[in-house]
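For reference, the chains in residue letters:
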Amino acid sequence: MSSDIGQQLCEQVHDASKTGTPLSIRGGQSKRFFANEVNAIPLDVSGHYGITGYEPTELVITARAGTLLADIKSSLENSGQMLAFEPPSFGADATLGGTIATGLSGPRRPFNGAARDFVLGVRCINGNGESLRFGGEVIKNVAGYDVARLMTGALGTLGVITEVSLKVLPKPRYETTLIFEFDLADSFQRIPRWLEKPMPVSALCFDQQRLWLRLSGTEEGVKSAIKRLGGENATDASQFWHDLNEQKLDFFAKSEPLWRISVPANSRLPEFDKQAFLDWGGAQRWLHSERPAPEIQDRVSEVGGHATLFRGVSGQHGVFQPLPAEMLALHKRLKQAFDPRGVLNPGRMYAGI
Amino acid sequence: MHKDITTSRATVDKRAVLQQLYDFLPVSAVLHEAEDTRPYECDGLSAYRQLPWIVVLPETVDQVQRVLSFCHSQHLPVVARGAGTGLSAGALPHEEGILLSLARFNKIIDIDTDNRCATVQPGVRNLAISEAAAPYGLFYAPDPSSQIACTIGGNVAENSGGVHCLKYGLTTHNLLQLKIITLEGEALTIGSPGLDAPGYDLLALMTGSEGLLGVIVEVTVKLLPRPEHTQVILAAYDNVESAGTAVAAVIAAGLIPAGLEMMDNPAIRAAEAYAHASYPTDAAAILLCELDGTAAEVDSQSVQIQELFKQSGAVDVRVAEDEAQRQRFWAGRKAAFPAVGRLSPDYYCMDGTIPRKRLAEVLKQIGELSAEYGLPVANVFHAGDGNLHPLILYDANKPGELERTEEFGGRILELCVAVGGTITGEHGVGVEKIDQMCVQFNATELAQFHRIKAAFDNEGLLNPGKAIPTLHRCAEFGAMHVHHGKLSHPELDRF
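Residues numbered from 1 in each chain as written. Chains lettered and ligands numbered in written order. Predicted model: local features only at pLDDT ≥ 70, side-chain atom pairs only at ≥ 80, totals over all residues. Heavy atoms only, no water.

**Student:** In this structure, what is going on with the sheet that holds strand S6 (residues 119-125) of chain A? I would like to understand it.
**Tutor:** In sheet architecture, strand pairing relies on hydrogen bonds along the backbone and comes in two forms, parallel and antiparallel. Residue and element names in this part refer to chain A. Spatially, the five strands line up as an open sheet ordered S3-S4-S8-S6-S7, and their pairing is antiparallel. Only two strands of the sheet have a single partner each, and these edge strands are strand S3 (51-55) and strand S7 (131-135). Across this sheet, the average inter-strand angle for adjacent strands is 10°, counted without regard to direction. Here helix H1 (residues 6-19) sits on the sheet in contact with S6, S7 and strand S8 (160-167), set at roughly 55° to S6. (Pairing = 2+ DSSP bridges. Helix = DSSP H or I, 4+ residues; strand = E, 2+ residues; numbered from the N terminus. Axes fitted to C-alpha atoms, helices over the stretch in contact; angles between N-to-C directions. Contact = heavy atoms within 4.5 Å.)

So this is what it looks like as structure tokens:
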């Protein structure tokens, strides 16, 4: 199944740029809750879909932006491969374009890499309505600036992503999750000692009661790690990791705003840590809190991190950690370089870009 | 779109510039006599030479800031340089500009074992990071072949790879944070000590930007646990196609080796004569497959891969029996470039990437081009990730031979683009491949690159003339190709 409306999308953006009409880029709308709201005329990319190239032995898949993430995952699954950044879907309608535009990654991220690490190339439409291609379908490519990765996580503010090439990896043959009855202090002590050893860890989180550790690789490699680590075998672990990734664990069922805190993994934030869910070995923490944004963001920036209001109230603004003035100025110049009339998702990331 | 820097600078008096540099740099940090600046006239691609106008060797970040804001105010081009081991003339000096050497920024600032990262100055050698991390059982994964000499600042600027990037990624996959100085002399922190940062992914944009966007003064890299066990398997084939099939079979079986290298017969014979690696010199191609991990993992994968190699038609499969033999297997591959260098007065190393499935066809066409130009070629291939290094043998003392070699090399790169690959896998564009950028990208894409550049450096003073060709240059390049009577790829956009 495929449909190519690339030309039509270019024309829509081109027309919008002539009149300076802001557009709100949409795929499956599964991540509409995320980032700042944009009130603008919708530009619907969901009609631009289809896997245009997949060669398992080249470890590369290319698909149009409106392709359902679920379709990509099942194609890969059929060849024993996967998206190793384990992107969350947040809904059955999630598309590849939205996955890359938001740049979100799942539990495997600290060990295998983030969405941006697997992006090899993109086709996109800049704010002038020009279709551009950056990167490509090969794993090693240093020709030109790395615009494909720059587009990842840019929330459509620099270009409408229309096609993406991703590096894919073989699914691990063997997987086990171990559970340890540790407290927070124990976890902080154990995690760095474990991770400095060469073990096939593929996920590591602390839910305030237990430390969950997933091992993925060859049967021999996983078993020898189990011998070294101890712990108890978790049952139904794949459901647990899925629910963590999709924010369906009980932890996420609170009504207070949900903050995403990104910090060096071993940072201590005593004000928040006892209420937080620590994923990514501590590098990504989820926190429900009614505290004012500056209180959370200032504290987190003291340890070199940043905080995002991941799920708040509808119509939200100012969800991302404010940028230093000179950095915001650079962002504005880059926005200008790609979208001089400011028509692509204006304000979705920051006011003014 | 850029100001014509040549005319605006014509009136600048070198002595006046030196006087102003001495205001904030010690005399020992400024070189301007030819005998002192000569060592900086080229990088690893010595076919391109240009004596620098002035070389500065600052020692502090403040001095770098003042050099850059000075260049900005005086409209002086500035070229940053690390160890000068690059292979695309990316650090070629500007005849009327400042060459900014970061060689004195050679300190390892911090090794953080709890977060497995190292913060270092840009002039620290790639290998020195792994050496400093070794006592903690950690290492820095990207390992370009020049790792003993090349510096991390240059690695970031070029997004360097290495033989292990199929499994461990390129420089861009192994960075956390950069501190850069803009042309205006402003300090910016890009990335974060965590796994991501708010805003655009400027870490990706800076990595591989070849010194056109800013000057790197500090780098924080990820460190990984050193694998417990390593094994190397050598397989010999009597035809290149089978070796290519074997590589695909390994990937299809769900295996990602740490390294997977291929050499063709001329490269095998050269390496064997030089390094005595006990390679089978009658083979059409050999594969070197390195596995790493725990002993249990490596052993099981090794058995599987040996079987796959045999099934795909290997005439000989050998497993390194001990560390000495493993080193010997690698010694041949690592010595391939100097070994080829012994066969001929000069050699020219190309760096394209292709989809692996097109390998046999591309090697065949390179063979045909080799006959057409009358220049022999040996091929070394990072087979796992499709990165091909054809080495063209030539003699620079024969009039016109370098020019023919460059043209031949250009045709190889255009061939890489035509089969769906790229003109540079890891060496960068620099000056060398700037014309082939016109083949890889169309005018709108190049214009977009120029607008990105202008967001950082509106006057085009940072490393001018490198990496991104002007549209004017591409127009001339297109005309030249027609003049030769062979438009290589009529299906591609021309302008």
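**Student:** Could you clarify how one ought to interpret the sheet that holds strand S5 (residues 108-112) of chain B in this entry?
**Tutor:** Residues and elements named next belong to chain B. In spatial order, the strands read S5-S6-S10-S8-S9; together these five strands make up an open sheet with antiparallel pairing. At either end of the open sheet lies a strand with only one pairing partner, and these are S5 and strand S9 (187-191). The mean inter-strand angle of the sheet, taken between neighbouring strand axes irrespective of direction, is 15°. Judged from the four bridges that link them, S5 and strand S6 (residues 117-120) form a sheet pairing that is antiparallel. Within S6, the residue paired with Ile108 across the bridge is Val120. The strands touched by helix H5 (residues 126-133) within the sheet are S5, S6 and strand S10 (215-222), with S5 carrying the most contacts at an inclination of about 45°.

**Student:** Hey, could you run me through empty space enclosed by the protein in this one?
**Tutor:** Take a probe with the size of a water molecule and roll it over the atoms, and the empty space left behind shows itself. Residue and element names in this part refer to chain A. Applying the stated rule across the entire model yields six cavities of 30 Å³ or more. Its boundaries defined by the atoms lining it, the second largest cavity holds a volume of some 180 Å³. Lining the second largest cavity are 20 residues, and of these Gly135, Asn141, Val142, Asp146 and Arg149 lie nearest its centre. At the level of secondary structure, the elements contributing two or more residues to the lining of the second largest cavity comprise S6 and S7. Of the residues contributing to the lining of the second largest cavity, the split by class is 11 nonpolar, six polar and three charged. (1 Å grid on protein atoms, 1.4 Å probe; cavity = no way out; pocket = protein on both sides within 12 Å on 5 of 7 lines; lining within 4 Å. Points joined across faces, edges and corners; volume = space filled by probe spheres on them. Nonpolar A, V, L, I, M, F, W, Y, C, P; charged D, E, K, R; others polar.)

**Student:** Just checking my understanding: could you explain the side chain of B:Thr424 for this structure?
**Tutor:** Among the structural elements, B:Thr424 can be located in the loop between helix H15 (401-418) and helix H16 (437-440). Once you skip the residues sitting within four places of it in the chain, B:Thr424 turns out to touch A:Lys140, A:Asn141, A:Val142, A:Ala143, B:Asp351, B:Thr353, B:Val429 and B:Lys433.

**Student:** What is the right way to look at the confidence of the model for chain B in this model?
**Tutor:** The predicted coordinates ought not to be read in detail in places where the model reports low pLDDT. All names here are of chain B. Across chain B, the average pLDDT comes to 92, with 94% of residues at 70 or higher. When the criterion is pLDDT under 50, residues 1-8 qualifies, and its contacts beyond four places in sequence or with other chains add up to 16 contacts. With pTM at 0.95, the complex prediction returns an ipTM value of 0.98. (pLDDT = per-residue confidence, 0-100.)

**Student:** Got a minute to help me understand the nonpolar core in this structure?
**Tutor:** Nonpolar side chains tend toward joint burial in soluble globular proteins. Residues B:Phe309 and B:Phe449 are the most contacted members of the largest nonpolar core, which totals 207 residues. Looking at this core, the element that brings in the most residues is H15(B), giving seven residues. The residues contacting B:Phe449, other than those within four sequence positions of it, are A:Phe134, A:Gly144, A:Tyr145, A:Val147, B:Met437, B:Phe441 and B:Ile468. Listed in part, the 27 residues of the second largest apolar core include B:Val30, B:Ile54, B:Phe105 and B:Leu461. (Core = buried A, V, L, I, M, F, W, Y, C linked by side-chain atoms within 4.5 Å. Buried < 20%, exposed > 50% of the residue type's maximum accessible area, 1.4 Å probe, protein only.)

**Student:** Which parts of the structure should I look at to understand helix H11 (residues 295-311) of chain B?
**Tutor:** Since the α-helix turns once every 3.6 residues, residues separated by three or four places project in the same direction. With 17 residues, H11(B) extends 24 Å from end C-alpha to end C-alpha; this agrees with the ideal 24 Å at 1.5 Å per step. Among the residues of H11(B), those classed as buried are B:Glu297, B:Val298, B:Gln301, B:Ser302, B:Ile305, B:Gln306, B:Leu308 and B:Phe309. Projection of H11(B) onto a plane perpendicular to its axis shows the buried side chains occupying an angular sector of 160°, all on one side. Of the exposed residues in H11(B), the ones pointing more than 90 degrees away from its buried face are B:Val303 and B:Gln311. Close packing links the buried residues of H11(B) with helix H8 (219-229) of chain A together with strand S12 (229-237), helix H9 (240-252), strand S13 (259-264), strand S14 (285-293) and strand S15 (316-319) of chain B. Immediately downstream of H11(B), the backbone of B:Gly313 shows phi near 100°, a positive value. (Expected span 1.5 Å × (residues − 1). Arc of directions from axis to C-beta.)

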